[in-house]
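Structural description and commentary
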Amino acid sequence: MNMSCLVIPAVAALQKEGRRHSWNCFDVENSGNAASLADRGSSSPTDLSGHHLPHRRESFLYRSDSNFSLLPKSLNRIGSTLAPSEPHVDDQIVTPFAQILHSLRRVRTHYVRLTSVTDTKSKSCAKEDGPSSSNDAQKLSDGEFQSLAEETLEELDWCLEQLETIQTHRSVSDMATSKFKRMLNKELSHFAESSQAGNQVSKYICNTFLDKQQDIELMSVEAVEEVEVKDSGAKRSPMSKISGVRRLHHTNSFTGAVPRFGIEVNDERQLAQIMDDIDVWGIDIFRLAQLANNRPLTAVTYTLCKERNLLKTFQIPANTLVTFLVHVESHYHSDANYHNSIHAADVTQCAHVLLNLPGLQSVFSDLEVLATLFACTIHDVDHPGLSNQFLINTGSELALMYNDDSVLENHHLAVAFKLLQENGCDIIVNLSAKQRQTLRRMVINMVLATDMSKHMDHLAHLKTMVETRKMSGTGLLDLEAYGERMQVLQNLVHCADLSNPTKPLDIYRQWTDRIMEESFKQGDLERQKGMDVSPMCDRFTASVERTQVGFIDYIVHPLWETWADLLQPYCQDILDTLEDNRNWYQNMIPSSPVDDVSTTRKTRDGSKDPIRFSFTVTMEQEQEGSEIGTT
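Procedures and definitions
Residues numbered from 1 in each chain as written. Predicted model: local features only at pLDDT ≥ 70, side-chain atom pairs only at ≥ 80, totals over all residues. Heavy atoms only, no water. Helix = DSSP H or I, 4+ residues; strand = E, 2+ residues; numbered from the N terminus. Buried < 20%, exposed > 50% of the residue type's maximum accessible area, 1.4 Å probe, protein only. Contact = heavy atoms within 4.5 Å. Areas by Shrake-Rupley, 256 points an atom, 1.4 Å probe, with all protein chains shown as cover. Axes fitted to C-alpha atoms, helices over the stretch in contact; angles between N-to-C directions. Nonpolar A, V, L, I, M, F, W, Y, C, P; charged D, E, K, R; others polar. Core = buried A, V, L, I, M, F, W, Y, C linked by side-chain atoms within 4.5 Å. Disulfide = S-S within 2.5 Å. 1 Å grid on protein atoms, 1.4 Å probe; cavity = no way out; pocket = protein on both sides within 12 Å on 5 of 7 lines; lining within 4 Å. Points joined across faces, edges and corners; volume = space filled by probe spheres on them. Phe/Tyr/Trp six-rings, centres within 6.5 Å; stacked < 30°, edge-to-face > 60°. Lys NZ or Arg CZ within 6 Å of the ring centre and 35° of its normal. Patch = residues over 30% accessible without salt bridge, like charges linked within 9 Å, V, L, I, M, F, W, Y side chains within 5 Å. Salt bridge = Lys/Arg side-chain N within 4 Å of Asp/Glu carboxyl O. Lys, Arg positive; Asp, Glu negative; His and termini not counted. Charge placed at Lys NZ, Arg CZ, Asp CG, Glu CD. Parallel < 35°, antiparallel > 145°, perpendicular 65-115°, else oblique. Left-handed = near helix turned anticlockwise from the far one by under 90°.

Concerning the overall build of the chain
Regarding its fold elements, the chain presents 23 helices and six strands. Counting only residues that meet the buried cut, the chain has 54% of its 631 residues in that class. By sequence separation, contacts in the chain at least 24 residues apart represent 77% of the contacts at least 6 residues apart. As displayed, the chain has an accessible area near 28700 Å², and 50% of this comes from carbon and sulfur atoms.

Re the packing of helix H12 (residues 318–330) against helix H14 (residues 366–378)
Their axes nearest at 10 Å, the elements H12 and H14 cross at an angle of 35 degrees. Here Phe-324, Leu-325 and Val-328 of H12 come into contact with H14, specifically with Phe-374, Thr-377 and Ile-378. Split into classes, the residues belonging to the contact of H12 with H14 amount to five nonpolar, one polar and no charged.

Some thoughts on the nonpolar core
Ranked by size, the top nonpolar core spans 117 residues in total, and within it Leu-288, Phe-324, Ile-378, Val-443, Trp-560 and Trp-563 carry the most contacts. Ranked by the residues each element gives to this core, the list is headed by helix H22 (residues 544–567), at 12 residues. For Trp-560, the residues in contact, after removing those within four places along its chain, are Trp-281, Leu-354, Cys-495, Leu-498, Ser-499, Thr-502, Ile-574, Leu-575 and Leu-578. Core analysis: the second largest hydrophobic core is formed by nine residues, Phe-390, Tyr-402, Val-407 and Ala-414 among them.

A word on the side chain of His-458
With respect to the helices, strands and loops of the structure, His-458 is situated in helix H19 (residues 455–470). Non-local contacts of His-458, meaning those with residues more than four positions away in its chain, are made with Ala-449, Gln-490 and Asn-491.

Quick notes on the state of the cysteines
Summed over all chains, the structure comprises zero disulfides. Residue Cys-376 stays outside any disulfide, its sulfur separated by 8.7 Å from that of Cys-350, the closest cysteine. Residue Cys-571 stays outside any disulfide, its sulfur separated by 8.0 Å from that of Cys-495, the closest cysteine. Taking the relative accessible area as the measure of exposure, Cys-571 reaches 0% and is therefore buried.

Examining empty space enclosed by the protein
Scanning all chains against the criterion turns up six cavities of 30 Å³ or more. There is about 60 Å³ of room inside the second largest cavity. Taken together, Thr-301, Cys-305, Leu-321, Phe-324, Leu-325, Leu-370, Leu-373, Phe-374, Thr-377, Ile-378 and Ile-427 make up the full set of residues lining the second largest cavity. Here the lining of the second largest cavity gets five residues from one element, more than from any other, and that element is H14. Along the lines of polarity and charge, the residues of the lining of the second largest cavity split into nine nonpolar, two polar and no charged.

Some details on the side chain of Gln-522
Its place among the elements puts Gln-522 in helix H21 (residues 505–528). Gln-522 gets classed as buried once you look at its relative accessible area, which sits at 4%.

Regarding the packing of aromatic side chains
Counted according to the given criterion, the structure contains seven aromatic pairs. Note on Phe-286 and Trp-511: the rings are 4.6 Å apart at their centroids and 45 degrees apart in plane angle, and the pair reads as tilted. Of the two residues, Phe-286 is situated in helix H9 (residues 285–291) and Trp-511 in helix H21; the sequence distance between them amounts to 225 residues. The same class applies to Phe-286 and to Trp-511, which are both buried. Relative to Trp-511, the ring of Tyr-338 lies with its centre 5.4 Å away and its plane at 75 degrees, an arrangement referred to as edge-to-face. A residue pair is termed long-range when its members are at least 10 positions apart, and Tyr-338 in the loop between H12 and helix H13 (341–355) and Trp-511 in helix H21 qualify at 173 residues. As far as burial versus exposure is concerned, Tyr-338 and Trp-511 are alike and both buried. Taken together, the ring pairs in this structure connect Phe-286, Tyr-338 and Trp-511 into an aromatic cluster. Directly above the ring of Phe-417 sits Arg-440, whose terminal nitrogen or CZ lies 4.6 Å from the centroid. One residue, Lys-503, lies across the ring of Trp-281, its end atom 5.5 Å from the ring centre.

Points about a nonpolar patch on the surface
Side chains of Leu-104, Leu-156, Leu-160 and Leu-163 sit close together on the surface and give an oily, nonpolar patch of about 290 Å² of accessible area. Tallying contributions element by element places helix H4 (residues 142–164) first for the nonpolar patch, with three residues. When you line up the elements, Leu-163 lands in helix H4. For Leu-163, a relative accessible area of 38% gives the class partly exposed.

Some remarks on the environment of Gln-548
By the element assignment, Gln-548 lies in helix H22. Ignoring sequence-local partners within four residues, the contact set of Gln-548 consists of Tyr-508, Thr-512 and Tyr-585.

Here's the deal with a negative patch on the surface
A cluster of acidic residues, Asp-276, Asp-277, Asp-279 and Glu-307, forms a negative patch at the surface. Mapped onto the secondary structure, Asp-277 falls in the loop between helix H8 (268–275) and H9. Asp-277 sits in the partly exposed class, given a relative accessible area of 40%.

Structural notes on the packing of H22 against helix H23 (residues 572–588)
The contact between H22 and H23 brings their axes to 9 Å, and the two run at 165 degrees. With respect to H23, the axis of H22 lies roughly antiparallel. Considering only the axes of H22 and H23, their crossing is left-handed. Seen from H22, the contacting residues are Glu-545, Gln-548, Val-549, Ile-552, Asp-553, Val-556, His-557, Trp-560, Glu-561 and Ala-564; seen from H23, they are Gln-572, Ile-574, Leu-575, Leu-578, Arg-582, Tyr-585, Gln-586 and Met-588.

A few points about unusual backbone geometry
Glycine aside, negative phi is the norm for most residues, and most peptide bonds take the trans geometry. In this structure, Asn-309 is a non-glycine residue whose phi angle is positive, near 65 degrees. Here Asn-309 lies in the loop between helix H10 (296–307) and helix H11 (310–313). Positive phi values are uncommon outside glycine, yet Asn-403 reaches one of about 55 degrees. Structurally, the position occupied by Asn-403 is in the loop between helix H16 (397–401) and helix H17 (407–419). Relative accessible area serves as the criterion here: at 64%, Asn-403 is assigned to the exposed category.

See the structure below:
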């Protein structure tokens, strides 16, 4: 296989995969907003080649966005009598640029029919768009000919209008980003109105997964100045030194040959039994951590590098790799419930499995694979168990150093590359200067992609890339350009980082308990400091079940749906597990009357204040460049 080409398998192979669900609704609350397939204008989903796919619940990306319709208003493609055999391609295309390409292909097909010219350019166009022989025009009656000509002109005018309004300084993927953010904004607004719990979940998703510009209140300038004066006398340590990096007083506890899994364990046989499944999705990482003497990250990364022959390829001494991994793992906080070395080991193992999928095998170079495993290994190193927003709100040194932009992600990278400079830790010492520079750039790009506030950007870029390339009709995703290769790898790491809901239920529930407890600890700290408690961080009011349902419906499902579209049919089992887990949490929501969002709460002065949900998503619009807000 050409390393730069990722094969998109025939969708017909989906018919041969295991069990399928009938997913026909979009239900978040007990009486959530339902949208049947018929509401979206199609009796059943189809792929770009017209094949009918198994029924499954689609994400909100496929719901109608009345404020951003990408179809010519008077053109009824679905009910067209002029091309009854044409597949309903546009029903399954949601990114703006890909829809424009599809319309232009239709214009081309209609032009050939109307003019009777011989189409010699592309067999793929003829195959996808239908026959284009010179006899087609003769088969049209005068009325049909006139109707097709008017339809073609209208669609061409619409394409020109869309292209004329594209802002030249923005990429075509940004068009999808704005659309997806607006759609999520609308979904969360409806969800927030359903119950008090829905209100909190909506705030949490908005604050965590949408990159918003901070509101500026001029009236608060005086208060800010008072704080600055009050704190100006406090002594601060120089910020030229990377905080969090500490020298270990030990390297390895063994001498001589490196153990089989990089660490000394009490029962190597039991650990080996779990490691035998390291290529399998949903490995029991918690059991692995116990058997690895709480060194799961060292054991997993060392084993994967050895299995992939990376030590030999890049001349990495085994002792050096283990020393570096021990240092990295020691810089993960053991008192962090979620963002610890177990999570890092889990993400690294997940990325390894995704790289092994048939659609990705032999696509990426050894250097790219090494960079991916490296990025996953260090992606949360020295994480304090607090969110970026908390660090920004409290004016932490890290937030000041990184200008409030991807604060923790930048810190993880700085700590990791600083650890490479420690004695006996430079695992890339034998790489050429160009290889070192390339690896560093790739690792930086992948770790920065784990900033959850950039989630919608990465989702939109991936969706646009997949749909645009599919419009070529070749079945290949050309990954010659560095940017496109990096998009796939960034989303691969992002998927691995958001993979908990796709795991076996018992594993998923353990991760849920851990992330909620870590969030609650932050909420306790915020309450102690007299701050507003962040959404879903209040242990007294948070709804764990509704949080997971909303998290899956609005964040995890759209992402994995797009990733599965890239690699179909190889991720169908993962989607099945995701849906099963979502249904389990849905069924666990207490069957009580829906909470009234107007329920009052006590303010700090003891008075009652109605609970209302309000948020604003700020983004550039393709045509208006204005702020869209929903209250």
